[in-house]
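Spelled out from the first residue to the last, the chains are:
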Amino acid sequence: MAVSTPASPNLHQHLRDSLDGLPTPPRTGRLIVFTGPSGVGKGTLLKALRDRYPNLGLSISATTRQPRPGEVDGKDYYFLSREQFQAMVDNGELLEWAEFAGNCYGTPKAAVQRHLEAGEWLILEIELEGARQVRHTFPQALQLFVLPPSLDELEQRIRLRGKDSEDAIVRRMARAQVEIDAAPEFDVQIVNDDLETALQQLEIALFNL
Ligand code: ADP
Ligand code: 5GP
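What counts and what doesn't
- Residues numbered from 1 in each chain as written.
- Chains lettered and ligands numbered in written order.
- Predicted model: local features only at pLDDT ≥ 70, side-chain atom pairs only at ≥ 80, totals over all residues.
- Heavy atoms only, no water.
- Helix = DSSP H or I, 4+ residues; strand = E, 2+ residues; numbered from the N terminus.
- Expected span 1.5 Å × (residues − 1).
- Buried < 20%, exposed > 50% of the residue type's maximum accessible area, 1.4 Å probe, protein only.
- Pairing = 2+ DSSP bridges.
- Near = heavy atom within 4 Å.
- Polar contact = N/O pair within 3.5 Å; in protein donor to acceptor, adjacent residues only side chain to side chain.
- Areas by Shrake-Rupley, 256 points an atom, 1.4 Å probe, with all protein chains shown as cover.
- 1 Å grid on protein atoms, 1.4 Å probe; cavity = no way out; pocket = protein on both sides within 12 Å on 5 of 7 lines; lining within 4 Å.
- Sits in = over half its atoms within 2 Å of the grid points.
- Nonpolar A, V, L, I, M, F, W, Y, C, P; charged D, E, K, R; others polar.

A. Inspection of helix H8 (residues 195–207) at higher detail. The end-to-end C-alpha separation of H8 is 18 Å, in line with the 18 Å expected for 13 residues at 1.5 Å each. Of all the residues in H8, the buried ones are Glu196, Ala198, Leu199, Leu202, Glu203, Ala205, Leu206 and Phe207. Where H8 ends, the next residue or the one after it, Asn208, has phi of about 55°, a positive value.

Now the structure itself:
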C-alpha cells in the first residue's frame, strides 16, 4: 500500500532510518496489544506500520477458523483443527485464547517469549477477551484500541473486504458493539477514519513522536 509522508517528515524519517539500520532496534522487549472490532482496519494499519518499521514483530496466532482466500498457513495464522487447538490449550502453550464468532483464536506463548527475550517489540492483534487476559499476565503491555468512525462504516468495510460470509458478518457486527463499549479500558483509543491520520496517531502512541 502506498503511504504518504506524515507530518514531521524529518523526525519520522530519522526514526525510521535508525530502526531500519539495526538488527534489534529497541533495546528492551515490549509487548503491544492491538484490539478493535473486526473490519475496523487493524490489519491494514499494521501492514502500513510494519512497512514503515520492518523491525516491529507481529505475533502469528493459532485459530480454528477456515483460511480466507489468499491466507497462508504459518504466515497469517496457524490454521488448526479444534482438537489441535484444544491440545495447545491443555498443554499451556497459549498466552491467551478466546472464542470469537464461533471460532477459537490464541497466541502461542513460546514465540512471544522468544521475541521479548531477544529485546524485540511484538504486536498482538487480538480481540477483547484476549486483551483482557494479557492485561493480567503482562500489565506493562501497551494496550491500543482501534475504533471505526461509525457502525455503518464498519459494516461497509467488512462487506467491501468481501471475504466473510453473511453469517460471519452478522456475528462480527453483533460483537462489534460489545468491543467498542470496552474501548475506554485501553491505554489509547485511535479512530480509523482517515488511514494516514490513524497511522500518525499510532506512531505517536508507540514512539511518543
Ligand atoms: P481488520 O483487520 O480490523 O478486520 P481490515 O484491515 O481487514 O480490518 O480492513 C477491513 C476493510 O476496511 C478492508 O477492505 C480495508 O481495505 C478497509 N479499510 C481499512 N482502513 C480503512 C480506512 N481508514 N478507510 C476506509 N477503508 C479502510
Ligand atoms: P479474523 O477472523 O477477522 O482474522 O479475526 C477475528 C478476531 O480475532 C479479530 O478481532 C482478531 O483480532 C482476533 N484474533 C486474532 N488472533 C487472535 C488471538 O491470538 N487471540 C485472540 N484472543 N484474538 C485473536
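Continuing now.
B. Structural detail: the pairing of strand E1 (residues 30–35). For E1, the buried fraction is high: five of the six residues fall into the buried class. Alignment of E1 against strand E7 (residues 121–125), held across five bridges, turns out to be parallel. Note on E7: the bridge partner recorded for Phe34 is Glu125.

C. Here's a closer look at the site of ligand 1. As a structural note, the neighbourhood of ligand 1 is formed by 13 residues, with Gly39, Lys42, Gly43, Thr44 and Arg161 the closest of them. At a separation of 3.3 Å, an oxygen atom of ligand 1 approaches a polar backbone atom of Val40. Considering ligand 1 on its own, with 570 Å² of exposed area, one finds that the protein chains cover 72% of that surface. Because more than half of its atoms lie within 2 Å of the grid, ligand 1 is assigned to the largest pocket. The set of elements that each furnish at least two residues to the shell around ligand 1 consists of helix H2 (42–52) and helix H6 (151–161). The biggest single contributor to the shell around ligand 1 is H2, with three residues. Looking at the shell around ligand 1 residue by residue, the class counts come to three nonpolar, six polar and four charged.

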